[in-house]
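As a plain string of letters, each chain reads:
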Amino acid sequence: MSRPVISVRDLVKTYGKVEAVRGIDLEVGAGEIFGFLGPNGAGKSTTISILCTLIRPTSGVSQVAGFDVRRDPSSVRARIGLVFQDPSLDGQLTGRENLEFHAYLYGLPAATRKQRIDDALSIVDLTDRASSTVLTYSGGMRRRLEIARGILHYPQVLFLDEPTLGLDPQTRKNIWDYLHAVRAREHITIFMTTHYMDEAEFCDRIAIIDQGKIVALGTPAELKTKVGGDVVTITTPDTTVAAEQLRAIMHLDSTEVDGTLRVEVADSASFVPRLFSELTVPISAVSARRPSLDDVFLKLTGRAIREQANTSLDTMRNMGRIWGGGRR
């Protein structure tokens, strides 16, 4: 890995007796796309908020772009871009006016401001809609404009919280095309959260966090090796008895997900015939496939990943208060 642009050592955050983050260690190299995955309440939002200087850690050391998030938060803020899950654009302004306002807040020189805005609009393919009010934009166009705003001040690290949540598959693909273009052109590091496992495949490396601790970290391919062989999904009207027989007869542990049973086997081709011959419960359907990141997540956390019910609106409000000069 290249020299880390994000470095975290023994990061802890407690709220009274609740340990939201429990001793996290990680490094993210310059130019990486790094994915942060975890169920609700796992600690990923708290960790990202600490890295973005939105909340203070209880203990531990965290550096972003070479600056300590506790001792020098202003330098960190000047070197990061933020795209949160909830929309934060002014719908009454045009796309260009939104970027002009952001450029002014970040103190971009007036002499270079227009060119920089033109470049950002070009990267996300919004040049022809720059003079339209944001209220007329589609969801995908608004997301692209938020990405343009996030890279406007030449950040070293772009933090993305659920960048394509709620968008249709084609728009999600387009957003990822723009993100790859942004990384290639601006040479920035992207640190993101997502609940879409197909998106996690785009990451160079992934950290899975559960109950405040990182339980796995590696490339998508490396993480998939944690699931042995093939994944077989079994549909049966009696999952309880089927799970008991799988354990007693075939010595296999199973996991119930959405009314079906999942088991990991070395070779599904030889396993499926045994399944029908050795189990006494009726089997409605069987499917077999290679492991996915969903399977890795389920194996490590014991639960399927879910879309968060809560939003980052409170975080955004906190960001405005903090960056506006309020108390940290």
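These numbers come from a predicted model, not from an experiment. Once a new chain begins, its residue numbering starts again from 1 and follows that chain's sequence as written. In keeping with the model being predicted, local features are shown solely for residues with a pLDDT of at least 70 and side-chain atom pairs are shown and tallied solely at 80 or more, while totals for entire chains, interfaces and linings include all residues. Hydrogens and waters are ignored; side-chain quantities use all the structure's heavy atoms.

1. Focus on the overall build of the chain
Segments assigned H or I by DSSP are reported as helices when at least four residues long, segments assigned E as strands when at least two residues long, and all are numbered from the N terminus. Check the secondary structure of the chain and you find twelve helices and 14 strands. Along the first, second and third principal axes, the C-alpha atoms of the chain reach 75 × 45 × 35 Å. For the chain, the proportion of its 328 residues judged to be buried stands at 50%. Here, two residues are considered to be in contact whenever any of their heavy atoms come within 4.5 Å of each other. Nonlocal contacts in the chain, meaning residues at least 24 apart in sequence, comprise 71% of its contacts between residues at least 6 apart. For the accessible areas, the method is Shrake-Rupley and the probe is 1.4 Å, while residue cover comes only from the protein chains on display. Of the roughly 15200 Å² that the chain leaves accessible, carbon and sulfur atoms contribute 50%. Charged side chains in the chain number 40 positive and 40 negative. The centres of these two groups are separated by 7 Å. In this scheme, a residue with accessible area under 20% of its type's maximum is buried, one over 50% is exposed, and one in between is partly exposed, where area comes from a 1.4 Å probe on protein chains only. When charges are counted, neither His nor the chain ends are considered; positive counts come from Lys and Arg and negative counts from Asp and Glu. Charge coordinates come from a single atom per side chain, which is NZ of Lys, CZ of Arg, CG of Asp or CD of Glu.

2. Description of the sheet that holds strand 5 (residues 67-68)
Two modes of strand pairing occur in sheets, parallel and antiparallel, and in both the strands are linked by backbone hydrogen bonds. Two strands are counted as paired when DSSP detects at least two bridges linking them. The strand order across the open sheet formed by four strands is 2-1-4-5, and the pairing between neighbours is antiparallel. Looking along the sheet, the strands with just one partner apiece sit at the ends: strand 2 (18-29) and strand 5. As paired strands, strand 4 (residues 59-64) and strand 5 are joined by two bridges and run antiparallel to one another. By the bridge assignment, Gln 63 is partnered in strand 5 with Asp 68. Of the strands in this sheet, strand 1 (4-15), strand 2 and strand 4 are in contact with helix 1 (residues 44-51), which crosses strand 1 at around 120°. With axes taken as lines fitted to C-alpha atoms, and helix axes fitted only over the stretch in contact, angles between N-to-C directions fall between 0 and 180 degrees.

3. Let's talk about helix 1
Each turn of an α-helix holds 3.6 residues, which means side chains three or four residues apart point in the same direction. With respect to burial, helix 1 is a largely interior element, seven of its eight residues being buried. Among the residues of helix 1, those classed as buried are Lys 44, Thr 46, Thr 47, Ile 48, Ser 49, Ile 50 and Leu 51.

4. With respect to the pattern of salt bridges
By definition here, a salt bridge exists when the distance from a side-chain nitrogen of Lys or Arg to a carboxyl oxygen of Asp or Glu is within 4 Å. Taken as a whole, this structure holds 19 salt bridges when the rule is applied. Here Asp 68 and Arg 71 are joined by a salt bridge, their closest N and O atoms 3.8 Å apart. The network of salt bridges with shared partners includes Arg 116, Asp 119, Arg 185 and Glu 186.

5. Points about unusual backbone geometry
Located in the positive-phi region is Asp 125, a residue other than glycine, with phi close to 60°. The topology assignment puts Asp 125 in the loop between helix 4 (110-123) and helix 5 (139-151).

6. Some remarks on the packing of aromatic side chains
Planes of paired rings set the category: under 30 degrees apart is stacked, over 60 is edge-to-face and the rest tilted, where pairs are Phe, Tyr or Trp rings (Trp by its six-membered ring) whose centres lie within 6.5 Å. Taken as a whole, this structure holds four aromatic pairs when the rule is applied. A connected cluster of aromatic rings, assembled from ring pairs, spans Phe 34, Phe 36, Phe 159 and Phe 191. Seen from the ring of Tyr 154, Arg 116 lies directly overhead, with NZ or CZ sitting 3.5 Å from the centre. A ring is considered to have a charge above it if a Lys NZ or an Arg CZ atom is located within 6 Å of its centre and within 35 degrees of its normal.

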